[in-house]
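# Overview (structure and organization)
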Amino acid sequence: MYRFVAKAALTVTATVGLAELATRPSFKDALQDFKSNIGSLFSYSDEFEDFSRWGNIEKITITAKAKALANDSEVSLNLEEIAIERRNEIMKYGYPTMDNIKQFNDHVLAYSNVHKGPLWVCEHLTDYNINLNKSVNRSQSKFVSDSTVPPIFRSYNSDFLGSGFDRGHLAAAANHRHSQLAMNDTFYLSNICPQIGKGLNRSKWNDLEKRARALARKHESAYVLTGPLFLPTVIGNEKFVKYKLIGDNNVAVPTHFFKVILTRTKMGGFALESYVMPNDEIRDDIPISSYLVPKSAIEKGAGFMIFDYIADSQYYTINGVRNPDFIS
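With that out of the way, let us pick up the packing of aromatic side chains. Using the criterion set out here, one finds 10 aromatic pairs in the structure. Aromatic side chains Phe-104 and Tyr-188 sit 5.6 Å apart centroid to centroid with 40° between the ring planes, which places their arrangement in the tilted category. Note that Phe-104 is positioned in the loop between β5 (101-103) and β6 (107-112) and Tyr-188 in the loop between α6 (180-185) and β9 (192-195), a separation of 84 residues in sequence. Like Tyr-188, Phe-104 is buried. An aromatic cluster is built from Tyr-93, Tyr-223, Phe-270 and Tyr-315, whose rings are joined through pairwise contacts. Directly above the aromatic system of Phe-270 lies the positively charged group of Arg-264, at a separation of 4.3 Å from the ring centroid.

Written out as structure tokens, the structure is:
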């Protein structure tokens, strides 16, 4: 248990800071983050149990003592409930799959033990997530293996070394610039796939990530589902699924990547944009709109449903086109 003893009344900032501790990958890091951001409001003890990840904890309670006027008041926060609430918000419109789920500060993913990488990653983007906190520095974030993945199923930095592929984020680091720890979360290799650098990770894929953030700002929030695809190629009269493996741990190199962006419209329905890009160099003159595809094509290739809590008739626009079946 962590115990924080307030020197002054709890503020909104302090309350948010406490709540955010719920999904930190390391409680030791969380305590340090708390100290550096709002620790001036509190006196605290460094005596605490060290837990490696939230997923290994059944129930933790933070007790914060705050002085209100002449009376002491005590507030207990159940971190399990807070973490579940945040996860439910991110996954509000449905889980594509239910196995091997991992929750981080501001994204949720399913991990593939076979491919040694994410199966899908879901984010809920808001102004709070994507606006820059000047104390956040990307250079402080380091790519690290995910210790919650069994060693035989992990990917390691050594797998990418000399492979010719970038370590491509699925939950983009720039989507989580409000907190150093939230950004650090995106550097776990469970959120990373081998991705062509020039013409994709550093170009068109980056443009697509910017598109997601722009839509989040325009519509106040956006739900973004991203993942790898392993699509077949036709050789002669036959179809084959062929993909490379890199490193000693046989990390799978996707043939394609998808990103589906969901927003609410002023008309009361939803707007959907769904993209598939090849894991290859893309020319600068090709607009990202060239990679719009039906959501069903992604579902067929990925093997799971996307945002399936939403009926087709609830989409006001699909890939920028008015849906004739929309029912308000």
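Here Ile-286 shows up in the loop between β16 (270-278) and α9 (295-302). In this view, Ile-286 contacts Lys-204 and Tyr-291; residues no more than four positions away in its chain are not counted.

Another point: the pairing of strand β17 (residues 315-318). Relative to β17, β16 is paired through 3 bridges, and the arrangement is parallel. Paired with Ala-271 across the two strands is Thr-317, which belongs to β17. Chirality of the crossover, the property in question, places the unit of β16, α9 and β17 among those that are right-handed. Looking at chain direction, β17 and strand β18 (residues 321-322) are connected through 2 bridges and run antiparallel. Within the sheet, the bridge partner assigned to Ile-318 lies in β18 and is Val-321. In textbook terms, the turn of a hairpin is the stretch between consecutive antiparallel strands, and for β17 and β18 this stretch comprises 2 residues, one of which, Asn-319, has a positive phi near 55°.

Definitions and limits used
Residues numbered from 1 in each chain as written. Predicted model: local features only at pLDDT ≥ 70, side-chain atom pairs only at ≥ 80, totals over all residues. Heavy atoms only, no water. Phe/Tyr/Trp six-rings, centres within 6.5 Å; stacked < 30°, edge-to-face > 60°. Helix = DSSP H or I, 4+ residues; strand = E, 2+ residues; numbered from the N terminus. Buried < 20%, exposed > 50% of the residue type's maximum accessible area, 1.4 Å probe, protein only. Lys NZ or Arg CZ within 6 Å of the ring centre and 35° of its normal. Contact = heavy atoms within 4.5 Å. Pairing = 2+ DSSP bridges. Right-handed = clockwise from strand over helix to strand, strands pointing away.

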